[in-house]
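Working through the structure, step by step
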Amino acid sequence: MPFAFLLALAAVAGATTLTYLYDRDAPLWPRLCAGVCVGLAALGLVGFALASLLGMTAGALALSGVAAASPLLLLLKPERRERLMADARRSVGATKKAGAGVVVFYLAAAVLFWMVFAGAMYETREGVFTATDTNIGDLPFHVAVITGFAHGENFPPEHPEFAGARLTYPFVVDFVTAMFVRAGATLEGALFWQNLAMMLALVGLLHRWALELTRDRAAALMTPALVLLSGGFGWLAFAKEAATGERGVFGLLASLPHDYTIMRHIGYAWGNAVTALFVPQRSILLGVAVAIVVWTLWWQAAGEEPEAKGAGVKDKGRAGRKKPKRGGKAGRETEAPAARDESLAFLLKPFRLTPMIAAGLVAGLLPLTHAHSFVVMMLMGACLALLQAGALMFWKDGREGAGLWAVWRPWAAFAAAASALAVPQMLWATSGSSVQAGRFFGWEFGWDNGEENAVWFWVKNTGVFIPVLLAALALRWRPRLVTPRLLYFYLPFTLCFVVPNVYKLSPWVWDNIKVLLYWWIASAPLVALVLARLWRRGGALKAAAAALLVAQTLAGGLDVWRAASGAVAHRTFDADGLRLAELIMRETPPRSLILHAPTYNDPVYMTGRRTFLGYPGHIWSHGLDHTGRERELKSIYAGGPDASALIASNRIQYVVVGPLEREEMRKYGLRINETFFQRYTKVGEAGEYRLYKTTQQ
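Residues numbered from 1 in each chain as written. Predicted model: local features only at pLDDT ≥ 70, side-chain atom pairs only at ≥ 80, totals over all residues. Heavy atoms only, no water.

Below, the discussion takes up the side chain of Gln-281. Relative to the helices and strands, Gln-281 resides in the loop between α12 (273-278) and α13 (282-301). Within the structure, Gln-281 has its side chain in polar contact with the side chain of Lys-514 (distance 3.3 Å). Excluding residues within four positions of it along the chain, Gln-281 makes contact with Asp-138, His-142, Tyr-169, Ala-276, Trp-510, Asp-511 and Lys-514. (Helix = DSSP H or I, 4+ residues; strand = E, 2+ residues; numbered from the N terminus. Polar contact = N/O pair within 3.5 Å; in protein donor to acceptor, adjacent residues only side chain to side chain. Contact = heavy atoms within 4.5 Å.)

So, about unusual backbone geometry. Cis geometry is found at the peptide bond from Phe-155 to Pro-156, where omega equals -10 degrees. Positioned with a positive phi, Glu-153 is a non-glycine residue whose angle comes to about 50 degrees. Take Glu-153: it is sitting in the loop between α6 (135-151) and β3 (158-159). Positive phi values are uncommon outside glycine, yet Arg-651 reaches one of about 55 degrees.

This part is about the nonpolar core. In this structure, Phe-113, Leu-202, Phe-278, Trp-295, Trp-298 and Trp-447 are the most contacted members of the largest nonpolar core, which totals 167 residues. Residue contributions to this core peak at 18 residues, all from helix α22 (residues 513-536). Each residue touching Phe-113, except ones within four places of it in the same chain, is listed here: Leu-196, Met-199, Leu-200, Val-203, Leu-228 and Val-274. If you look at the next biggest cluster of nonpolar residues, it comprises 24 residues, including Leu-593, Val-655, Met-665 and Tyr-680. (Core = buried A, V, L, I, M, F, W, Y, C linked by side-chain atoms within 4.5 Å. Buried < 20%, exposed > 50% of the residue type's maximum accessible area, 1.4 Å probe, protein only.)

This part is about the sheet that holds strand β11 (residues 681-686). Hydrogen bonds along the backbone pair up the strands of a sheet, which may run parallel or antiparallel. The strand order across the open sheet formed by five strands is β9-β8-β10-β12-β11, and the pairing between neighbours is mixed. What marks the edges here is a single partner per strand, and that holds for β9 (610-611) and β11. (Pairing = 2+ DSSP bridges.)

Tracing the chain through its elements places Leu-516 in helix α22. What makes Leu-516 buried here is its relative accessible area of 0%. For Leu-516 and Pro-492, which are 24 residues apart along the polypeptide, the C-alpha to C-alpha distance reads 13 Å. Excluding residues that lie within four positions of it along the chain, Leu-516 makes contacts with Trp-270, Trp-447, Trp-458, Cys-496, Phe-497, Pro-500 and Asn-501.

As structure tokens, this is what we get:
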């Protein structure tokens, strides 16, 4: 365990130190948040390269830690050490001055997500459990990836449920977990601490990014809540159940019977970001956090937007707000003419080069961390570059400004830096891949709305989010709410809503949410700005702001609370299954090929051994064709005339016969021919599970 802690500390400390090269003005806390996410991604990539050469050995782990910590050499310069200490003192002082609201916000987030991730995977005498509905199938898959690296010598990595096929699923976050396991941590502990660190870092990064964009402290605090408690009008179902049931509101809260953001029988599909994405699909948690670092660097690279005297275009919160000019009707603010003249002037100036190169290097970590995030980052960067070029060509109109290449040079530097790290990863991932790309793409209108009207589907799934967003963009707020600079950064992200609503980007169309999420995150600060502005106007508008915030976050809050409160207890692996996993780990070589039930929760996934055929739902959603192996698996378990030949031709070394296998064969309308397997050597048994060895070696 101390070795695992040192690895994590090396990654975070090294990446935090690097921020002093490109983010000069950040407080220490946001630096640490960036250090957690960028450091873990870098540790995973470096560690994977070294483990591929040296194996998952202590030496490879130690070298990875040394490489991750190498930026600490920058602190050999006294001025950098002094700056670090000054930042630490200022951050402590800033925390004291931030106010009780900010402190309570972060304490509440820490407690809530501690409870959520403590239930994401936990083990008792009865087996391994999860407290999140959506994690039932995903947890065993990630466990299989982790144990494959930690105990199965899975280099080069094969798909954990389809032996022989290249693993193209973004695996860096799971590889880092495997590093911690090999360094002495338990699987349960490694998952918990890594997940909690990434989630709290994401909260801090969202807060800092929203503050940079809006210069509004209230809006900056509301943005993480809008993202992490995302949902729609599903809370109406809760209200109906509380009103018509016998338990009432508090009795229902004590044991929520289901989620309130995903209720497919009544048309709810927009799952809460935490329970539907960040807990079960671990890669996206790290991917989004890294992406927020990139967005923040883009915003900083653009420099400051000109502010007209008296215009009040920056709302800095209660402290330091400028009083707007008044004219015409009493109490009505007017925007200074200078703001209109110079509002787009920043687009004519090149972005600063250093943060753009840093943004490119950070984005380059994404292909094997979270591929969807990498694609979104590169496309959004291209759109922003084109918008800036368009402003230069069509709006300059004789004004002083840089030439086209000068404006595009920072974007070219961003793309080059990203490509330097990303292209080798993409070439490696696609080389020899068995993925059938044609399964991923196709026209499909309305995302996952089924037969329901698309407009109504989005209204009830997103609550008041879209109407408030449109109000931020369309109404003439005085002083201006959405500045031209903010609008420029936001516009490309509308494509993250439009494209997934007309085109399928994955075999399972619901997975388009991985792109839709970026539209939601980019929109959240604008929605928060509206709520913050209404709150400050007091009276009925203050009450309206509070009501809108509650209405928007209540359904997601119910889902997160359900996961945190322990209302759910789904058993993934039973006690006999864990004993079978121990038997397999003890009696079989690491890269053994095992035939077992094609289900999502087979205990073989706990061992890191290779699987002939796992859960078809996972395999299909990853673009692989499982039909041939499925036929062969059924023939083998039925003990057909070609069963022995199929075992030999597929080089299957071990076969599991147990309750899961019997259950899955019944679903196919078959019975296991258990007499057939008695010809093979029985290695051992655990409860009703039997493990047979099919080879003499």
